[in-house]
Amino acid sequence: MPYVFAGGRAARDIKTFTEIVKLLPDIHFKCVFPENMISPEMRELSNLDIYCDIPSEQFYKIMNGATVCCIPVNRDAPAGLYTMQHAVQIGQPVVSTDTFSMRTIVPDDTCGFLLPMFDAKGMANKVKLLMFDKTLRASIATNAKQNFKKFEPAEVGKQLCEAIDRFVNSVK
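Residues numbered from 1 in each chain as written. Predicted model: local features only at pLDDT ≥ 70, side-chain atom pairs only at ≥ 80, totals over all residues. Heavy atoms only, no water.

1. Description of the overall build of the chain
Within the chain one finds eight helices and six strands. Going residue by residue from the N terminus, the α and β elements of the chain occur as β-α-β-α-β-α-β-α-β-α-β-α-α-α. Carbon and sulfur atoms provide 55% of the accessible area of the chain, an area that totals close to 9,200 Å². (Helix = DSSP H or I, 4+ residues; strand = E, 2+ residues; numbered from the N terminus. Areas by Shrake-Rupley, 256 points an atom, 1.4 Å probe, with all protein chains shown as cover.)

Right, dumping it as structure tokens:
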């Protein structure tokens, strides 16, 4: 059965995530959060499977089986990046919060969807769009992987060398 994954620890916006699940009763969700982040309201949602404090292998097994990855965060400081990077690497489209750090991985809507903080309705709309549009999912996954190549060690090394060359040439 297709499902949306959400998980992690740092700055996860549980309230917005819960609202997204409530807005999409016909879509199945699986989440992996620490027990202390789970609200009683979450336990009442019939379209949400909750996993807590599980080994990382099980975390990734659940994440890897998802159709879409949803990462709402509740602060501007970097959070959720490792989960987002993993999603991109396995070809999973991402719906998340628009922060500076998230924007490095999802620069525009061709690579995923970033919405304003606490925008449950907007995120729900994008999750729904991705869940029901296989072509869009594939396109976003391909574009995100292509964009992510700029973070590979060889590419980072090349960028660093180019920056050093520019600096050296500017002081000559």
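There is more to say, and it comes next.
2. Describing the packing of helix α6 (residues 120-132) against helix α7 (residues 134-148)
For the pair α6 and α7, interaxial distance at closest approach is 5 Å and the crossing angle is 105°. By the angle between their axes, α6 is roughly perpendicular relative to α7. Judged by residue contacts, Leu129, Leu130, Met131 and Phe132 of α6 engage Lys134, Leu136, Arg137 and Ile140 from α7. Here the residues of the contact of α6 with α7 sort into six nonpolar, no polar and two charged. (Axes fitted to C-alpha atoms, helices over the stretch in contact; angles between N-to-C directions. Parallel < 35°, antiparallel > 145°, perpendicular 65-115°, else oblique. Contact = heavy atoms within 4.5 Å. Nonpolar A, V, L, I, M, F, W, Y, C, P; charged D, E, K, R; others polar.)

3. A few points about the sheet that holds strand β6 (residues 113-115)
The strand order across the open sheet built from six strands is β3-β2-β1-β4-β5-β6, with neighbouring strands paired in parallel fashion. The open sheet terminates on both sides in strands that have one partner only, identified here as β3 (48-52) and β6. On average, adjacent strands in this sheet sit at an angle of 20° to one another, irrespective of strand direction. One ladder, built from five bridges, connects strand β2 (residues 29-33) with β3; its direction is parallel. Its bridge partner being in β3, Phe29 is matched across the sheet by Leu48. (Pairing = 2+ DSSP bridges.)

4. Here we look at the environment of Cys52
Residue placement: Cys52 occurs in strand β3. The class of Cys52 is buried, set by a relative accessible area of 19%. A C-alpha to C-alpha distance of 5.3 Å links Cys52 and Phe33, two positions 19 residues apart in sequence. The contacts of Cys52, once residues within four sequence positions are left out, are Phe33, Pro34, Glu35 and Ile38. (Buried < 20%, exposed > 50% of the residue type's maximum accessible area, 1.4 Å probe, protein only.)

5. Some remarks on the side chain of Thr97
Along the polypeptide, Thr97 turns up in strand β5 (residues 94-97). The class of Thr97 is buried, set by a relative accessible area of 0%. Only 2.8 Å separates the side chain of Thr97 from the backbone nitrogen of Val73, close enough to count as a polar contact. Not counting the four nearest positions on each side in its chain, Thr97 is found in contact with Ile71, Pro72, Val73, Met102, Leu114, Leu115, Pro116, Met117 and Met123. (Polar contact = N/O pair within 3.5 Å; in protein donor to acceptor, adjacent residues only side chain to side chain.)

6. Here's the deal with the pairing of strand β4 (residues 68-71)
With burial as the criterion, each face of β4 is covered, one bearing Val68 and Cys70 and the other bearing Cys69 and Ile71. Here strand β1 (residues 4-7) pairs with β4 via two bridges, running parallel. From the neighbouring strand, Val4 faces β4, where its bridge partner is Val68. Pairing of β4 with β5, which is carried by three bridges, proceeds in the parallel orientation. Along β5, the bridge assignment pairs Ile71 with Ser96.

7. Examining unusual backbone geometry
For residues other than glycine, phi is negative in most cases, and the peptide bonds are mostly trans. Although it is not a glycine, Asp53 adopts a positive phi angle of roughly 45°. With respect to the secondary-structure elements, Asp53 resides in the loop between β3 and α3 (56-64). Under the relative-accessibility criterion, Asp53 is labelled exposed at 53%. For Phe118, which is not a glycine, the phi torsion comes out positive at approximately 70°. Here Phe118 lies in the loop between β6 and α6. Since its relative accessible area comes to 53%, Phe118 is described here as exposed.

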